[in-house]
Amino acid sequence: MAVIRGAGVKQAHVFLNSIGCSECRPQYLEKLKTYLKGKSGLCEHCKSRMTKNPLRVLDCKEDAEKLSDAPRTVDSLCAACKAHYAEVKSLLKMYVIPHTEQPRLVRGLDYYTRTVFEIYPSGKSGSQDALAAGGRYDGLVELLGGAPTPAVGFALGVERVLNELEAQGALPAVRRGVFMLPLGDSAFEPSQKLLWQLRETGIRCETGQPDQSIKSQMRLADRLQMEFCIIMGENEIKDNFVMLKNLEKQSQDKVSMSEIVGKLQDHYKL
Ligand SMILES: [Zn+2]
Ligand SMILES: [Zn+2]
């Protein structure tokens, strides 16, 4: 939440659930399997998931209505998980983080334990718009051969956060930084080398992907509020120069490879 707020999203809402631990989840899964066996007319996905990964069935958008009376994970928690979940909720309250319990929320992977969550722009829900999603995976490090280590993690939809910033009118107004725009596979390596050289001087840098069109890469550069764009294609590489485009002034300069880093350093007084 701090990451999302830090990025400038003013309103976001946490949906959370607890899916228990290795002590209490097996009992829940048994209950769920028995319940699912009595359900007919579930979608093809769910039919195969029912035995392999029954928890995921709860995730199904198509069958959501049919499964509205499914047993809830929160009703099968062991005492330790129950206490943990209560503490999580009271901490969210303490930090004044808006949240709603979502008993059907699950994560598909087995290594998740206890808390799972999704963060949505306020008032919205439905998996397409989640800004971030994650949970605890206290068993994962052990599963990979390490010592038992409590862990928590999440995935963040950078594009979705940007979209949300745009929608909330909170995108920074000042253009700053350099967007690397490689055109064609041969441009990828030299462009990434230059990207890291620039990053090492402290310049904000992002990159497009060589298989994307110049138009869609430009669009991303624009949305990231970049000040410059460095265009690198086959011709540029062959002749050892780049096109430096100023996205604010809409001007374009041919700059030699040996001078580009210095020129941008001067511009940003680094
Ligand atoms: Zn438990
Ligand atoms: Zn389904």
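Owing to the predicted nature of the structure, the values given are computational and were not obtained by experimental measurement. (Residues numbered from 1 in each chain as written. Chains lettered and ligands numbered in written order. Predicted model: local features only at pLDDT ≥ 70, side-chain atom pairs only at ≥ 80, totals over all residues. Heavy atoms only, no water.)

Of the protein atoms, only Cys-43 (SG), Cys-46 (SG), Cys-60 (SG) and Asp-63 (OD) coordinate the zinc ion (ligand 2), at distances of 2.1 to 2.3 Å. Classification of the site at the zinc ion (ligand 2) rests on its 4 donor atoms, whose angles at the metal span 97 to 116°, yielding the label tetrahedral. Read in sequence order, the donor residues coordinating the zinc ion (ligand 2) give the pattern C-x2-C-x13-C-x2-D. On the criterion of sequence distance, the pair formed by Cys-43 in the loop between helix H2 (25-37) and helix H3 (44-52) and Cys-60 in the loop between helix H4 (54-57) and helix H5 (79-94) is long-range, its members being 17 residues apart. Just as Cys-43 is buried, Cys-60 falls in that class too. (Donors = N, O, S within 2.8 Å, 3.2 Å for Na, K, Ca; no water. Tetrahedral: all angles 85-135°; square planar, octahedral: opposite > 155°, others 65-115°. Helix = DSSP H or I, 4+ residues; strand = E, 2+ residues; numbered from the N terminus. Buried < 20%, exposed > 50% of the residue type's maximum accessible area, 1.4 Å probe, protein only.)

Another aspect to go through is the side chain of Glu-236. Relative to the assigned elements, Glu-236 resides in helix H10 (residues 234-238). In this structure Glu-236 is buried but unpaired, with Lys-254 as the nearest side chain of opposite charge at 8.2 Å. In this view, Glu-236 contacts Ile-231, Phe-241, Val-242 and Met-243; residues no more than four positions away in its chain are not counted. (Lys, Arg positive; Asp, Glu negative; His and termini not counted. Salt bridge = Lys/Arg side-chain N within 4 Å of Asp/Glu carboxyl O. Contact = heavy atoms within 4.5 Å.)

Here the focus is the coordination of the zinc ion (ligand 1). At the metal site, the zinc ion (ligand 1) is ligated by Cys-21 (SG), Cys-24 (SG), Cys-78 (SG) and Cys-81 (SG), and these contacts range over 2.2 to 2.3 Å. Coordination at the zinc ion (ligand 1) is tetrahedral, judged from the 4 donor atoms that bind it and the angles of 100 to 115° they form at the metal. Donor residues binding the zinc ion (ligand 1) come from one chain and are separated in sequence as C-x2-C-x53-C-x2-C. Here Cys-24, found in the loop between strand S1 (12-18) and H2, pairs with Cys-81, found in helix H5; they are 57 residues apart in sequence, far enough to count as distant.

So, about the domain arrangement of the protein. Each assigned domain of the protein is listed with its residue range as follows: domain 1 (2-167) and domain 2 (178-267). The straight-line distance from the C-alpha centre of domain 1 to that of domain 2 is 40 Å. (Domains from an automatic or database assignment.)

Together, Val-3, Phe-154, Leu-156 and Val-158 line one region of the surface with nonpolar side chains, adding up to about 350 Å² of accessible area. With respect to the helices, strands and loops of the structure, Val-158 is situated in helix H7 (residues 158-167). Taking relative accessible area as the criterion, Val-158 reaches 52% and is therefore assigned exposed. (Patch = residues over 30% accessible without salt bridge, like charges linked within 9 Å, V, L, I, M, F, W, Y side chains within 5 Å. Areas by Shrake-Rupley, 256 points an atom, 1.4 Å probe, with all protein chains shown as cover.)

The next subject is the packing of helix H8 (residues 188-200) against helix H11 (residues 257-267). Two numbers describe how H8 lies on H11: the axes approach to 10 Å, and their chain directions differ by 30°. As far as their axial angle goes, H11 and H8 are roughly parallel. The handedness of the crossing between H8 and H11 comes out as right-handed. From H8, Leu-194, Gln-197 and Leu-198 reach across to H11, where they touch Met-257, Ile-260, Val-261 and Leu-264. Class assignment for the residues of the contact of H8 with H11 results in 6 nonpolar, 1 polar and no charged. (Axes fitted to C-alpha atoms, helices over the stretch in contact; angles between N-to-C directions. Parallel < 35°, antiparallel > 145°, perpendicular 65-115°, else oblique. Left-handed = near helix turned anticlockwise from the far one by under 90°. Nonpolar A, V, L, I, M, F, W, Y, C, P; charged D, E, K, R; others polar.)

Position of Lys-245 among the secondary structure elements: in strand S9 (residues 241-246). It turns out Lys-245 is buried and unbridged, and the closest side chain with the opposite charge, Asp-222, is 9.5 Å from it. In this structure Lys-245 touches Met-218, Glu-227, Phe-228, Cys-229, Ile-231, Gln-250, Ser-251 and Gln-252, once residues within four positions along its chain are discounted.

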